[in-house]
Amino acid sequence: MDANELKAAMIERLRGMAIPPGVAELDPRLYDYICHVRDYCQGEDDVHNVDEVAACCRFLRLWNCYPKAVARFRRFVRLMERFTFDTMDGTRSVKMSMSQVFISAGIYLFERPTPNPSLYGGASEGQADTDEHRRLTTLAIVFIPRKYGKTWFVGGIAVEDFLFGDNDGEVHIVSNSLEQSKIAFKATKHMLQQLDPKGAEIRFTANTMNWKAANTTGRRASVDAHTAGGKTKDGAKASVVVADEYGSAAYVKDHCDMSDAINVYRSSMGPRAEPLTVITTTAGRVVEGPFETQMRTMQKVLYNELNLGTHEKDENDNQFLFALHPDEWEYTDEHFGTERLWRKVNPHIGITIQEDYYANAWKDAQGDPEAYKETVTKLFNRFVSNSSRPW
């Protein structure tokens, strides 16, 4: 089926699925997001793409199939909303949006049966979770435009594992450049310094954060920043890998340094009971790069919702995709210039960016090929080649 038929079929499926009362009880924003996607995804009111519709179908199916880690999900949301940040209105905490709560649930809410809760036989080092269930999601892609709040969210994921993951957990933040990795690292550091402002418990350096040997918690977790092509950490045993701005990674002579770095740390996750790889990125000026290929694969997994029963498990339920971008037929200048599409690709207009930001950016991009490519790539989340128009 073509793109229009696919979306129509997915909308029909979503509108035929009941939203359990427990969704609103868990967090009203979850319920509000699913309802908004269901009700505003067609015609003149279309502000949600096919991937969002499919993700909501998937969420409701998983709700029917798996236990819920309610405490863990709520803990993550509370954690994210307790930290303060410098804003135009001063230093204050920030409430998560509907879609951010949905992403959080996609990563942290659902659990799977534990195949081997005594992997380490009670050993203290690297102690696996001995609970009856473990987190379902092990791979998450969050594909969002610039100024959505990506860095803040990445920091929260790192802090969550540092505080509550395995005792000796290792968070590895990987990007195409050390400068980019340090942006996410700095956000994590900013959060942790609010918990330990005097550095009594946590050791902070330029590229690493870890618990001090004499800390009162007994924890030994760490967070490190890495660059693609740099030396990977010897003896790593990653619990969380954050691949930031993977969409800008390119193949050079059939080789990609960032892919290599990600795979090195992912391959070290074997001892972990709840490994998690999170890819957070906007689109890049790379066509057929490693992320674009992985994104297409994840979309195929997501669209398979049409072939599953509403109470049926799937072998790929460990994979989560959240993607903000135009639908396939909207990649034209005519659509790029409309407020409806601006709000479709970035629901945080008026929240994390100014109301007129997209309008001004689109106007300024006219007649300037480089500005055009940057706008389409980073604000509309469209992969662009070196030509002056998107492919």
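Each value, and the rule that gives it
Residues numbered from 1 in each chain as written. Predicted model: local features only at pLDDT ≥ 70, side-chain atom pairs only at ≥ 80, totals over all residues. Heavy atoms only, no water. Helix = DSSP H or I, 4+ residues; strand = E, 2+ residues; numbered from the N terminus. Rg over C-alpha atoms; globule rule 2.2 N^0.38 Å. Buried < 20%, exposed > 50% of the residue type's maximum accessible area, 1.4 Å probe, protein only. Contact = heavy atoms within 4.5 Å. Areas by Shrake-Rupley, 256 points an atom, 1.4 Å probe, with all protein chains shown as cover. Lys, Arg positive; Asp, Glu negative; His and termini not counted. Charge placed at Lys NZ, Arg CZ, Asp CG, Glu CD. Pairing = 2+ DSSP bridges. Axes fitted to C-alpha atoms, helices over the stretch in contact; angles between N-to-C directions. Salt bridge = Lys/Arg side-chain N within 4 Å of Asp/Glu carboxyl O. Phe/Tyr/Trp six-rings, centres within 6.5 Å; stacked < 30°, edge-to-face > 60°. Polar contact = N/O pair within 3.5 Å; in protein donor to acceptor, adjacent residues only side chain to side chain. Disulfide = S-S within 2.5 Å. Expected span 1.5 Å × (residues − 1). Core = buried A, V, L, I, M, F, W, Y, C linked by side-chain atoms within 4.5 Å. Parallel < 35°, antiparallel > 145°, perpendicular 65-115°, else oblique. Left-handed = near helix turned anticlockwise from the far one by under 90°. Nonpolar A, V, L, I, M, F, W, Y, C, P; charged D, E, K, R; others polar.

Let us now look at the overall build of the protein. Across its full length, the protein carries 14 helices and twelve strands. Expected size for 391 residues packed as a compact globule is a radius of gyration near 21 Å; at 21 Å, the protein falls within 12% of this value. With the C-alpha coordinates aligned to their principal axes, the bounding extent of the protein is approximately 60 × 50 × 45 Å. A total of 391 residues make up the protein; the buried ones form 55% of that total. Restricting the contact set of the protein to residue pairs at least 6 apart, pairs at least 24 apart contribute 73%. In the structure as shown, the protein presents an accessible area of about 16900 Å², 49% of it carried by carbon and sulfur atoms. When the 47 positive and 55 negative side-chain charges of the protein are each reduced to one mean point, those points stand 6 Å apart.

On to the sheet that holds strand 12 (residues 319-323), then. The eight strands lie next to each other as 7-8-9-6-10-11-5-12, forming an open sheet whose pairing is mixed. Among the strands making up the open sheet, the edge pair consists of strand 7 (202-204) and strand 12. The average undirected angle you get between the axes of adjacent strands in this sheet is 15 degrees. Two strands pair when backbone bridges link them, and strand 5 (residues 139-143) and strand 12 are joined in this way by five bridges, in the parallel orientation. Opposite Ala140, over in strand 12, you have Phe320 as the bridge partner.

The next point concerns the pattern of salt bridges. Tallied over the full model, the rule gives 27 salt bridges. The partner of Glu245 in a salt bridge is Lys378, with the nearest N and O atoms 3.8 Å apart. Of this pair, Glu245 sits in the loop between strand 10 (240-244) and helix 9 (257-266) while Lys378 sits in helix 14 (residues 369-378), and the two are 133 residues apart along the sequence. An identical accessibility class is assigned to Glu245 and Lys378; each is buried. Each of Lys7, Asp46, Asp327, Glu330, Arg340 and Lys344 takes part in salt bridges that share partners, so that together they form one network.

A few words on the packing of aromatic side chains. Ring pairs (aromatic) are described by centroid distance and by the angle formed between their planes. Summed over the entire model, instances satisfying the criterion amount to 22 aromatic pairs. Pairing Phe102 with Phe322 gives two aromatic rings, centres 6.3 Å apart and planes at 55 degrees, and the pair type is tilted. With Phe102 in helix 6 (residues 98-108) and Phe322 in strand 12, this residue pair connects regions lying 220 residues apart in the sequence. Ring centres of Tyr358 and Phe380 lie 5.7 Å apart, and the angle between their planes is 90 degrees; on these two criteria the pair is classed as edge-to-face. In this pair, Tyr358 is assigned in helix 13 (residues 357-365) and Phe380 in the segment after helix 14, connecting sequence segments 22 residues apart.

As for its placement among the helices and strands, Asp314 is situated in the loop between helix 10 (290-303) and strand 12. Buried within the structure, Asp314 lacks any salt-bridge partner; Arg61 is the closest side chain of opposite charge, at an N-O distance of 5.4 Å. Engagement of the side chain of Asp314 in a polar contact is seen with the backbone nitrogen of Asn316, the distance being 3.0 Å. Other than its neighbours up to four places away in sequence, Asp314 contacts Arg61, Tyr66, Asn304 and Leu308.

Take the state of the cysteines next. Scanning the model with the defined rule gives zero disulfides in all. Here Cys57 is not cross-linked by a disulfide; its sulfur's nearest cysteine counterpart is in Cys56, at 7.2 Å.

The subject of this paragraph is unusual backbone geometry. Phi at Lys147 takes a positive value of approximately 70 degrees, unusual for a residue other than glycine. You can see Lys147 is positioned in the loop between strand 5 and helix 7 (150-164).

Another point: helix 8 (residues 178-195). Over its 18 residues, helix 8 extends 25 Å from the first C-alpha to the last, a length consistent with the 26 Å expected when each residue adds 1.5 Å. Gln180, Ser181, Ala184, Phe185, Ala187, Thr188, Met191 and Leu192 are the residues of helix 8 that are buried.

In this section: the pairing of strand 5. A large share of strand 5 lies buried, amounting to five of its five residues. Every second residue of strand 5 is oriented toward a common face, with Leu139, Ile141 and Phe143 on one face and Ala140 and Val142 on the other, all of them buried.

Another aspect to go through is the nonpolar core. If you look at the biggest cluster of nonpolar residues, it comprises 100 residues, and the most contacted ones within it are Phe59, Phe102 and Phe322. When residues in this core are grouped by element, the largest group, eleven residues, is from helix 4 (residues 50-65). Beyond its immediate sequence surroundings of up to four residues, Phe102 is in contact with Leu30, Tyr33, Ile34, Ala55, Cys56, Phe59, Phe320 and Phe322.

This paragraph deals with the packing of helix 5 (residues 70-82) against helix 7. The packing of two helices is summarised by the inter-axis angle and the distance between the axes. One can describe the packing of helix 5 onto helix 7 by two numbers: an axis separation of 10 Å at closest approach and a directional angle of 125 degrees. With respect to helix 7, the element helix 5 is oriented oblique. Here the hand of the crossing between helix 5 and helix 7 comes out right-handed. Contacts between helix 5 and helix 7 involve Arg72, Arg75, Phe76, Leu79 and Met80 from the first element and Trp152, Phe153, Gly156, Ile157, Val159, Glu160, Leu163 and Phe164 from the second. Its residues assigned to classes, the contact of helix 5 with helix 7 comprises nine nonpolar, one polar and three charged.

Positionally, Ala9 belongs in helix 1 (residues 3-15). Under the relative-accessibility criterion, Ala9 is labelled partly exposed at 22%. It is 12 Å that separates the C-alpha atoms of Ala9 and Cys41, two residues lying 32 residues apart in sequence. Ignoring any residue separated from it by four or fewer positions in sequence, one finds Ala9 in contact with Met1 and Leu306.

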